[in-house]
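# Structural characterization, general
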Amino acid sequence: MRKIILQLAISLDGFIEGPQGDYDWCFTDQDYGMGDFLKRIDTIFLGRKTYDMMKDIPVNPYDPFTASLAHVKQYVFSNSLDTISSNESYQLINHDSLQWIKEYKQTSGKDIWLFGGAGLTSSLFRAHLIDELVLAVHPILLGAGKSFAQGLNERVKLDFSGSDNYNTGLVMMRYTVS
């Protein structure tokens with residue numbers, strides 16, 4: 001069975017974006033294990049707001065990160081969208097999302113990267129569908145912003161499975177969901 005892995009960058013005080021939706025504080029100066037992580041996945045799940053943000057970012061076809069995503073299927077989960085642009089590499093799931101995800105996890109393939117969307121993340125936590133967390137903890141305090149666990153109203157027990165430290169102060173922490 002495929003695993004759903006919530007892999008994201010967070011500030012030391014637990015925010016995934018600053019008060020203005022900013023994420024310019026995220027380190028991009030080295031790989032930080034992303035090359036190996038991307039070998040584990042063949043699917044990305046995004047919420048609608050994350051999709052709205054991502055679709056407008058210019059894509060450099062010569063960027064190694066972009067090239068490593070060429071094989072990845074990308075699904076957008078939304079209750080408010082009826083369609084998405086047909087020239088994009090995204091597929092819209094806008095009904096029975098949790099049931100669709102449960103069935104998709106049973107298909108053959110690699111693991112799934114839950115890339116973003118606080119609402120999507122919270123609903124998948126509540127449905128006990130997230131299997132792992134990989135948190136790239138950046139050495140910065142934002143003071144305010146959006147928490148990755150926003151909307152989560154119950155405890156989630158995690159088991160530490162490892163970490164990597166980088167010379168920039170970033171710590172990549174890995175947990176399995178109990």
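Below or above, wherever it landed, is the structure these notes cover. Because the structure is predicted, anything quoted here is derived from the model rather than measured. (Residues numbered from 1 in each chain as written. Predicted model: local features only at pLDDT ≥ 70, side-chain atom pairs only at ≥ 80, totals over all residues. Heavy atoms only, no water.)

Before going further, it helps to examine the overall build of the chain. Helix and strand counts for the chain stand at five helices and 10 strands. Whereas a compact globule of 178 residues would reach a radius of gyration of roughly 16 Å, the chain reaches 16 Å, a difference of no more than 12%. Taken across its 178 residues, the chain has 40% of its residues classed as buried. In the chain, the share of contacts with a sequence separation of at least 24, taken over all contacts with a separation of at least 6, comes to 75%. Accessible surface, the chain as shown: approximately 9,900 Å² in total, 52% of it carbon and sulfur. Looking at the chain, you have 16 positive and 21 negative side-chain charges, and the mean spots of the two groups are 6 Å apart. (Helix = DSSP H or I, 4+ residues; strand = E, 2+ residues; numbered from the N terminus. Rg over C-alpha atoms; globule rule 2.2 N^0.38 Å. Buried < 20%, exposed > 50% of the residue type's maximum accessible area, 1.4 Å probe, protein only. Contact = heavy atoms within 4.5 Å. Areas by Shrake-Rupley, 256 points an atom, 1.4 Å probe, with all protein chains shown as cover. Lys, Arg positive; Asp, Glu negative; His and termini not counted. Charge placed at Lys NZ, Arg CZ, Asp CG, Glu CD.)

You will see that Asp96, though not glycine, has its phi angle at about 45 degrees, which is positive. Among the structural elements, Asp96 can be located in the loop between strand S5 (90-93) and helix H4 (97-105). Residue Asp96 is classed as exposed on the basis of its relative accessible area, which comes to 59%.

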